[in-house]
There are 2 protein chains.
Amino acid sequence: MTVRTNQRIDGTRLWDSLMEIAKIGATPKGGVKRLTLSEEDRQGRLLFQSWCEALGLKVRVDSMGNMFARREGRDPTRPPVLMGSHLDSQPTGGKFDGALGVIAGLEVMRTLHDLNIVTEAPIELVNWTDEEGCRFGRAMMGSAVWSGLEREESMKARRDEDGVIVATALQEIGFAGPEPCASFPADAMFELHIEQGPLLEAGGEKIGIVTGAQAQIWYEAEVTGFDSHAGTTPPVARRDALLTAARIVELVDAIMREEGDTKVTDPGRGTVGRFTVYPNSPNVIPGRVRFNVEFRNVSEARIAEIAATFPARAQALAEANRTNLTLNTVFRVPAQPFDADCVALVEQAAAKLGYPARRMVSGAGHDAVHTASCIPTAMIFTPCKDGLSHNEAESIAPDEAEAGAQVLFEAVLARANRAIK
Amino acid sequence: MTVRTNQRIDGTRLWDSLMEIAKIGATPKGGVKRLTLSEEDRQGRLLFQSWCEALGLKVRVDSMGNMFARREGRDPTRPPVLMGSHLDSQPTGGKFDGALGVIAGLEVMRTLHDLNIVTEAPIELVNWTDEEGCRFGRAMMGSAVWSGLEREESMKARRDEDGVIVATALQEIGFAGPEPCASFPADAMFELHIEQGPLLEAGGEKIGIVTGAQAQIWYEAEVTGFDSHAGTTPPVARRDALLTAARIVELVDAIMREEGDTKVTDPGRGTVGRFTVYPNSPNVIPGRVRFNVEFRNVSEARIAEIAATFPARAQALAEANRTNLTLNTVFRVPAQPFDADCVALVEQAAAKLGYPARRMVSGAGHDAVHTASCIPTAMIFTPCKDGLSHNEAESIAPDEAEAGAQVLFEAVLARANRAIK
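On a predicted model such as this, the values are computed, not experimentally measured, just so you know.

K.L.:
Quick rundown of the overall build of chain A? Include the residues and the values.
P.N.:
Tallying secondary structure elements over chain A gives 12 helices and 16 strands in all. The C-alpha radius of gyration of chain A comes to 23 Å, within 12% of the 22 Å expected for a compact globule of 421 residues. A sequence separation of at least 24 residues applies to 78% of the contacts in chain A between residues at least 6 apart.

K.L.:
Give a detailed account of helix α10 (residues 340-353) of chain B, specifying residues and quantitative values.
P.N.:
All names here are of chain B. Taking 1.5 Å as the rise per residue, α10 with 14 residues should run 20 Å; its terminal C-alpha atoms sit 20 Å apart, in good agreement. Among all positions in α10, only C342, V343, L345, V346, A349, A350 and L353 are buried. For α10, the angular spread of buried residues about the axis comes to 155°, placing them on one side. Opposite its buried face, α10 presents the exposed residues A340 and D341, each directed more than 90 degrees away.

K.L.:
Describe the relation of the copies chain A and chain B, naming the residues involved and giving the relevant values.
P.N.:
You can overlay chain A on chain B at an RMSD of 0.2 Å; the transform is a turn of 180° with a shift of 0.1 Å along its axis. With respect to symmetry, the two chain copies, as superposed, fit the operation of a two-fold axis. Of the C-alpha atoms belonging to chain A, the one lying closest to the rotation axis is found on A:A246, 2.2 Å away. A share of 100% of the interface residues of chain A reappears at the interface of chain B, consistent with the copies meeting face to face through the same patch.

K.L.:
Lay out helix α12 (residues 398-416) of chain A with the relevant residues and their values.
P.N.:
Over its 19 residues, α12(A) runs 27 Å from end to end, which matches the ideal 27 Å to within 8%, given 1.5 Å per residue. Buried residues dominate α12(A), accounting for 16 of its 19 residues.

K.L.:
Describe the packing of α10(B) against helix α12 (residues 398-416) of chain B, with residues and values.
P.N.:
Residue and element names in this part refer to chain B. In the contact formed by α10 and α12, the axes pass within 9 Å of each other and the chain directions differ by 125°. Comparing their axes, α12 and α10 come out oblique. Relative to α12, the crossing made by α10 is right-handed. Between α10 and α12, the contacting residues are C342, L345, V346, A349, A350, K352 and L353 on the first element and Q406, V407, E410, A411, A414 and R415 on the second.

K.L.:
Please provide a residue-by-residue account of unusual backbone geometry, values included.
P.N.:
Cis peptide bonds are those with omega within 30 degrees of zero, and the linkage from A:Y278 to A:P279 qualifies with -5°. Among the structural elements, A:P279 can be located in the loop between β10 (275-278) and β11 (284-285). With a phi close to 55°, A:M140 is a non-glycine residue in the positive phi region. The residue B:N116 is not glycine, and still its phi comes out positive at about 55°. Note on placement: B:N116 falls in the loop between α3 (99-114) and β4 (123-127).

K.L.:
Describe the interface of chain A and chain B, naming the residues involved and giving the relevant values.
P.N.:
Each partner contributes to the interface: chain A provides 52 residues, whereas chain B provides 52 residues. Contributing elements (two or more residues each) for the side of chain A that touches chain B: β8 (228-229), α8 (241-257), β9 (269-271), β10, β11 and β12 (288-297) of chain A. Of the residues forming the side of chain A that touches chain B, the biggest block, 9 residues, is contributed by α8(A). Considered class by class, the residues forming the side of chain A that touches chain B number 20 nonpolar, 20 polar and 12 charged.

K.L.:
Describe the environment of A:R158, listing the residues and the values that go with them.
P.N.:
Residues and elements named next belong to chain A. Its place among the elements puts R158 in the loop between α5 (152-156) and α6 (166-172). Put simply, R158 and F136 are 22 residues apart on the chain and 6.1 Å apart in space, counted from C-alpha to C-alpha. Look past the residues within four positions of R158 in its chain and what remains in contact with it is F136, G137, R138, I165 and V166.

K.L.:
For the domain arrangement of chain A, give the residues involved together with the corresponding values.
P.N.:
Residue and element names in this part refer to chain A. You can read the domains of chain A as domain 1 (11-213 + 336-416) and domain 2 (215-333). For domain 1 versus domain 2, the separation of C-alpha centres amounts to 35 Å. On the side of domain 2, 5 residues touch domain 1, which itself brings 5 residues to the contact. Here the residues of the side of domain 1 that touches domain 2 sort into 4 nonpolar, 1 polar and no charged.

Reading guide: rules and limits
Residues numbered from 1 in each chain as written. Chains lettered and ligands numbered in written order. Predicted model: local features only at pLDDT ≥ 70, side-chain atom pairs only at ≥ 80, totals over all residues. Helix = DSSP H or I, 4+ residues; strand = E, 2+ residues; numbered from the N terminus. Rg over C-alpha atoms; globule rule 2.2 N^0.38 Å. Contact = placed C-beta atoms within 7 Å. Expected span 1.5 Å × (residues − 1). Buried ≥ 20, exposed ≤ 12 C-beta atoms within 10 Å, placed from the backbone. Arc of directions from axis to C-beta. Least-squares fit on C-alpha atoms with pLDDT ≥ 70 in both. Axes fitted to C-alpha atoms, helices over the stretch in contact; angles between N-to-C directions. Parallel < 35°, antiparallel > 145°, perpendicular 65-115°, else oblique. Left-handed = near helix turned anticlockwise from the far one by under 90°. Nonpolar A, V, L, I, M, F, W, Y, C, P; charged D, E, K, R; others polar. Domains from an automatic or database assignment.

Spelled out as structure tokens, the structure:
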């Protein structure tokens, strides 16, 4: 494939930097453990900062530890174009989830530097604090506070399993910055990320043009029956909580498949991921099961429909088996569309470069989904092997990373140089 | 109801002794915690021994701690008729599971004593060691060794959660007896026990004439799929281990109900009691589920049929959902019929006394199920409230205890006085 531009990012340099930062927190199985605000996160941040400063970029840190590396524009009064992602990882994470978006942004900065390009608007490369949420229990914490979706005080008071609060952890690694964490005027935000799903690989596309994020509804469920002796209790006397819960698992799956289950593009998502049985003894009929249910869909209307019908369908299953069901909505996230102009810039970049691309909706949450609530935002996806992520075996090909970074370069450059009315 | 005999056990004395021994290990919720070979078990054994010795009975203890309180017969050379049960309890057990059979046996001894009855054969009242199995993991341990179904050395080497072995625990409570633990010649064994199920209560019967124990087959199962992201993985790409496991839970239930699910007498039993999901995270499609499956039935042929067909049916469900199933048979217990003559004595006693009674099969395991493998054995069941057992709320009525003890008295007396050919 020919890349149809003479302003090319350096794919080898990008890959080398990805591999170098992956050494920080490297795991024996080839993954990365770089938990947010840990010693490894500190080392990753310092390496990132040194790379930025080597390019003459000025790095600011805000009070949530979000890092902004600024490259000045010809007009310093224009609001900057943001790009970036996150450097923290899951406990058994991969090398690319988050790091790709940050290091590709660095490669954009390096290319602008090498080619002596001066953009109209400033460009800022962002490393958001705690996207993963696995240490303090709230994913996308830094971008949530920045976007005004969470209060800084309550986020800083969150504790990890050892009782350490966010505020203390920020200070301990030296990244409780002086800038207030708030959504300063910014012209746009672009985030490159691995897809974490199988669609691009299945379709043979190099680039995903992300048009928004799915609507979601999450429930906590508890079925209560009655513990009794497996050997003596006849069918008619049973109130088996596990049987009811099993039927609800099937219902969730069936609702998901109502919109198709033969193509990777079928939009339904419905999952029971956490599921705990009590008393969990081999010869006791379970009296209680606690589990989580989540539905996601690109269609806001479909999630609204599920929210209106699923609880009654689940209740009917519980009652038919003489058990009780409590079902609480944990949260309801509306569909978050991305900015049409920013999405168009991504699409035009992919077209210009000749990369096979598809429009798609993000199944996962990302920092960009939060920034989309306050500034024009878009995302670029690259394929990942077998759709695998949150796993040490997470893998992408160097040419896929290069293609994603090149699209990021084109989109950011176009946005930063656009004419202002 | 008139009890049609002039040889009557003393129901008040029986109840008082049941309540007195229930003080040892009494729990705040009205139950009993008298774990085998614990300090409470020692106290219970000593109280039991003192009650027996007050009647002039000679108490022997064997090397597994089984206690035999002998009342001599007119012909000391005849093999004794055994009766009894166990004094150990579950951690959150009730007052009657086990204790009823031992204390009712004591009341039989007291009545024989009061009425100056001399039986032809000797009678021995047994307290079997560790029926519950909850401390050392092997239920009915004492009767298993006595019946030759387990090796004494391996049982004595079993450990509790603190690492204490059975041999040490026996010595510490002073009940590692001098008699070898082995099935000395005995003429019969009768065990009175609460039903631990709902059949007698539902049918309004006072007495269950237990004709044997159910056949059983137990499996350990593991379904393997693939962990993946709940938000990004489309239906067609999912390999959800929980969905397969849920369908097997439904299959087990359906197989149970094939023989009916409207009457308390329906014979099917099929249970998934232990069920653990991995990685058990709210937004990860489960890649693995481990669970136990058990089937029981009065019909040996029915369990054989299930053993021949269930694995393939479960495998088909796993394959249809693109997951793998391993299914290992943990154990297979054949149906254990009780001795026809001994069962007839129980039936005749209930009829003579005018108690509504039904023939039934034990759903649970009991010491008598083990002794039935080497000596003529029968059991008597009494109702328990709501069929509840292995629970501190386990409850029976005083007149139910009395009726059971009276039947035990009649059956044991008849057996001990039978003419020998």
